[in-house]
There are 2 protein chains.
Amino acid sequence: MRTSKYLLSTLKETPADAEVISHQLMLRAGLIRKLASGLYTWLPTGVRVLQKVEHIVRDEMNKAGAIEVLMPVVQPADIWQESGRWEQYGPELLRLKDRGERDFVLGPTHEEVITDLLRNEVSSYKQLPINLYQVQTKFRDEVRPRFGVMRSREFIMKDAYSFHTSRESLQETYDDMYRAYSNIFTRIGLDFRAVQADTGSIGGSYSHEFQVLASSGEDDVIFSTESDYAANIELAEAVAPNVTRPAPTKAMELVDTPNAKTIAELVEQFNLPIEKTVKTLMVKATKESGHKLVALLVRGDHNLNEVKAEKIDIVASPLEFATEAEIRAIVGAGPGSLGPINLPMPIVIDRSVAVMSDFGAGANIDDKHYFNINWERDVALPRVADIRNVVEGDASPDGKGVLQIKRGIEVGHIFQLGTKYSEAMKATVQMEDGQNQAMAMGCYGIGVTRIVAASIEQNNDERGIIWPDAIAPFSVVIIPMNMHKSPRVQEVAEKLYADLQAAGVEVLFDDRKERPGVMFADAELIGIPHMVVIGERNLDNGEVEYKYRKAAEKTMIKLDSILDHLKSKIK
Amino acid sequence: MRTSKYLLSTLKETPADAEVISHQLMLRAGLIRKLASGLYTWLPTGVRVLQKVEHIVRDEMNKAGAIEVLMPVVQPADIWQESGRWEQYGPELLRLKDRGERDFVLGPTHEEVITDLLRNEVSSYKQLPINLYQVQTKFRDEVRPRFGVMRSREFIMKDAYSFHTSRESLQETYDDMYRAYSNIFTRIGLDFRAVQADTGSIGGSYSHEFQVLASSGEDDVIFSTESDYAANIELAEAVAPNVTRPAPTKAMELVDTPNAKTIAELVEQFNLPIEKTVKTLMVKATKESGHKLVALLVRGDHNLNEVKAEKIDIVASPLEFATEAEIRAIVGAGPGSLGPINLPMPIVIDRSVAVMSDFGAGANIDDKHYFNINWERDVALPRVADIRNVVEGDASPDGKGVLQIKRGIEVGHIFQLGTKYSEAMKATVQMEDGQNQAMAMGCYGIGVTRIVAASIEQNNDERGIIWPDAIAPFSVVIIPMNMHKSPRVQEVAEKLYADLQAAGVEVLFDDRKERPGVMFADAELIGIPHMVVIGERNLDNGEVEYKYRKAAEKTMIKLDSILDHLKSKIK
């Protein structure tokens, strides 16, 4: 490709609204442009990278026996009503009406479409297992699109769905996908970790996220310092403290706390250790519980884990916090003065709270707290559960080492869905014994567009992007110095360009009438792995300059061996 | 690919709601499945064909110097308001609101997005010409989706947009695209014609359609019997008859015609030759004309060409027919009794009408017609224009031969848009003299998904699809007879499968426990070009059976030369 015939679109300035480095570099290197909030056009250089990622994804999926299909972006509402997600899915599901006023959605995922397809196409256990995938445009109406294509509204996803007659068969394909994903992210050159994950709103029972480690990541990834244990923050278990609850040492007292509505205020004004305070949060109860609200207690320095809380049988799902009015109607006090004493509703306390003694909490009377509360002496010990986020230094759930927390970018996610969709949508096959059985399902997603951003987060320096060879937009850039004044430089550059193209190498030939400095800066900003600089002075010595993007130093190569040199570096 | 691991999804029965052969065969051969009206899932066999078409399209676009980008499916309304199409585009443009109640559309084309991109990315004449393309999902909310993917609502299009500083540069790229399109359709193996076309609602000045000839086509394609002249029905000129208007022979008379509201009734009840009758149609006039309606007269056996009519300066655009109430308010008679005598509005008559004499038409009095009307004697000759569709036997506009009409499927369309979008959206570049100038634009579309259907319309027989080799889902199918009972058949089949795969040949290995007849029928239905049948009896002679899908006869090939035989046939 000649730069003069190309849309290079590099920018000198860093765009003001780009917060993370990948977003900045994708704009500056001419990979993407914003069309509207969360909607991006991929420029030529971006498309080249994207297609390389897609190729690797397809190649590994095909090797793993998955078969490619292509489903529509626009999906009819009726199948979403059938699965129940028409009601369950929040405003991220963009709903629309066609000219006939019929309801449709822009697909954020395709469980319904594929389940509808398979219930029609597959009738016998003999046709299973099968694993179908697509590389396709998705839409999620994010409340706050940001970080460029990292969290955009329209994006490209590889989504696969497998169908099985048994959990064992599902596990086999799940393991195949785990390996395929590991191969994909390894080939793309990402530093990633597979972590146990919660299955979230998509439902199901078993899941791993593939997280690319980067400080700009939006997810907390939890590791053990001394084992392979890895999980996301939603799932990571906060184990019960390995201590016995200390005996009470002080009498409980009711204290006026008119200016302490928060734990921070309480700690500051009364000089309490934060580990001796308890936060009380109130959420809606299930109808079946016979209560309106449930109180959830965590230590003052801990945070509620909403995913864990939602799994408690008496807590309504999806989790919904009580309003102040609802709290006052039942407790007679506001949210800043809640605690376990005389609370007319079910209480669930975190494992860490269960081993506290002499602690402070709201008195369920406005502007008052109880200090030195003790379980069993002052109030019965409530139900105990793991309902908090882990923190660094917590014991690892596998008993080995303590937990560390790093930021991660989720680029892949594999789920065992079980029969959630197949039962709701009556997707069955006839088994060997003649009985119909709902198919067990797995689903497997990769954020194709997000991978490009994640790779840049891990591969950049002050000069720009440093592409791994496998997904670089071009393998080689040729920079001829002052070519328009030097027929010799032009001749050598044109010949090398022709030779590289003939060898099947993707090469960018910077034939612009620009100063060498501008061309170097663009080549490094775009991050092309191999650079050849051709200039009069070096040609006098029969040499050209070669520089590998990752290396600090350039080297001189004899002109007659540069082609072989490049070919050996590339393959 | 082993059939046992594949989603073959062939059907024995022809689905009842599939009207055309390509739709029937795409369903029966397991290429597509309907999700909802105008929305189709592509099954594995369909995806394989689609990707081959996409590959050829990309390859020829790249060779022609076009550069690939990727724009969003969802587009913000503001750029459509800027171009004016937010108002002009009918209900085929699906409008939607996001969670913030902002207006968006599902892109039916991308002129606005690309023009917005280029006005930001390109500032100097030095950066032009440039030709950018994408292969991307489009949505048009068709009032009547039909014929499967031939006229679906969601479809894949290759759309390209070129930008220029001069008409000459635009013409060069237009010619490049004309050649690229000819190469693409030739490589895909389509019997097509490039025809002059009207530019329609997209605007612009010069255009060709690439039409695949097939009886199920929705377009009329017009050819000369004796020259290269080809145009679509919207554009094909109906030349002025090469005759002088005959002199009047009869006196005009007013006739009671209470039961003749249509030309057909008039002709039948009064035994008039249809060529001696005139139809009067009334459409809205432009505001500037000072009139409400315009009357358009065509011969009784001709049809109004709405595209030609819309181009008349006093006719409102888009063309809108007058209602009966509007007609009665001005004329005092209904639509079944209209004619040129005493008509209080501008009249435009077709060239064929201008040479009529002694003709019948409505009297502008309910239930009455005038017979034997003559121009100039009974009423002044009105303005004359070409406002009808051509009919077979009309003289060719280039003076050579007469016109023929065939049905065509539009698979490609190239336009010279000129500055329609760049002026509306202020997309300018600075010229050498420092002045800013709106960029001239071309746009170039190919219906990628539609090509698959069009190919089947031209390539099928009573047994199924006959793929051209270039886009066949598999090159070879191996059919082992009773393999599950014959280790020898299995061994030979497995070895041939492995050898073909090693040679890079795409091969389907039918390893199902099915009767040979079922396997033959599926292979021919799917239309795989090369079939190898392996059976005990032929192996006794050291032979296997080879059949080319297009050929009637099978041939016996020595087992030790079948691999070379296939390789020679395929490349």
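Looking at an unreviewed UniProt entry, one finds chain A named Proline--tRNA ligase and attributed to Zophobihabitans entericus. According to UniProt, the comment filed for chain A under the heading Subunit (unreviewed entry) is "Homodimer." The annotation that UniProt attaches to chain A under Catalytic activity (unreviewed entry) is "tRNA(Pro) + L-proline + ATP = L-prolyl-tRNA(Pro) + AMP + diphosphate".

Asker: Describe helix H6 (residues 167-188) of chain B, and please don't skip the residues or the numbers.
Answerer: The end-to-end C-alpha separation of H6 of chain B is 31 Å, in line with the 32 Å expected for 22 residues at 1.5 Å each. Within H6 of chain B the residues assigned to the buried category are Ser169, Leu170, Thr173, Tyr174, Met177, Ala180, Tyr181, Ser182, Ile184, Phe185 and Ile188 of chain B.

Asker: Explain the relation of the copies chain B and chain A residue by residue, including any values.
Answerer: Taken as rigid bodies, chain B and chain A are interconverted by a rotation of 180 degrees and an axial shift of 0.0 Å, the fit giving an RMSD of 0.1 Å. On this basis, the relationship between the two copies can be described by a two-fold rotation axis. Among all residues of chain B, the minimum C-alpha distance to the rotation axis is found for leucine 96 of chain B, at 2.9 Å. Taken together, the interface assignments show that 100% of the residues at the interface of chain B recur at the interface of chain A, consistent with an identical surface on both copies.

Asker: Please set out the domain arrangement of chain A residue by residue, giving values where relevant.
Answerer: Per the domain assignment, the segments of chain A are domain 1 (47-206 + 412-456), domain 2 (253-385) and domain 3 (474-569). Taking only C-alpha atoms into account, the centre of domain 1 of chain A sits 43 Å from that of domain 3 of chain A.

Asker: Can you explain empty space enclosed by the protein? Please cite residues and give values.
Answerer: All names here are of chain B. Summed over all chains, the structure comprises two cavities of 30 Å³ or more. Approximately 60 Å³ is the volume found for the largest cavity. Lining the largest cavity, in full, are Phe147, Met150, Arg151, Ser216, Gly217, Glu218, Asp219, Gly408, Ile409, Glu410 and Arg450. Residue contributions to the lining of the largest cavity peak at three residues, all from strand E20 (residues 403-418). Classifying every residue of the lining of the largest cavity by side-chain character gives three nonpolar, three polar and five charged.

Asker: A description of the interface of chain B and chain A should follow, citing residues and the corresponding values.
Answerer: Counting residues at the interface gives 54 residues for chain B and 54 residues for chain A. Regarding the contact of chain B and chain A, the summed buried area is about 4,300 Å², with carbon and sulfur atoms giving 66% of it. If you sort the residues of chain B by the area they bury against chain A, Leu35, Leu70 and Arg99 of chain B come out on top, with a joint share of 16%. Our count for the contact surface shared by chain B and chain A stands at four salt bridges. In this structure, arginine 153 of chain B engages aspartate 98 of chain A in a salt bridge whose closest nitrogen and oxygen atoms are separated by 2.8 Å. Inspection of the region where chain B meets chain A yields 16 residue pairs in polar contact (both at pLDDT 80 or more). The greatest single-element share of the side of chain B that touches chain A, amounting to five residues, is contributed by helix H2 (residues 44-63) of chain B.

Here is what the cut-offs are and how they apply
Residues numbered from 1 in each chain as written. Chains lettered and ligands numbered in written order. Predicted model: local features only at pLDDT ≥ 70, side-chain atom pairs only at ≥ 80, totals over all residues. Heavy atoms only, no water. UniProt positions renumbered as here; feature names shortened; annotations may be inferred. Helix = DSSP H or I, 4+ residues; strand = E, 2+ residues; numbered from the N terminus. Expected span 1.5 Å × (residues − 1). Buried < 20%, exposed > 50% of the residue type's maximum accessible area, 1.4 Å probe, protein only. Least-squares fit on C-alpha atoms with pLDDT ≥ 70 in both. Contact = heavy atoms within 4.5 Å. Domains from an automatic or database assignment. 1 Å grid on protein atoms, 1.4 Å probe; cavity = no way out; pocket = protein on both sides within 12 Å on 5 of 7 lines; lining within 4 Å. Points joined across faces, edges and corners; volume = space filled by probe spheres on them. Nonpolar A, V, L, I, M, F, W, Y, C, P; charged D, E, K, R; others polar. Buried area = accessible area lost by both parts, 1.4 Å probe. Salt bridge = Lys/Arg side-chain N within 4 Å of Asp/Glu carboxyl O. Polar contact = N/O pair within 3.5 Å; in protein donor to acceptor, adjacent residues only side chain to side chain.

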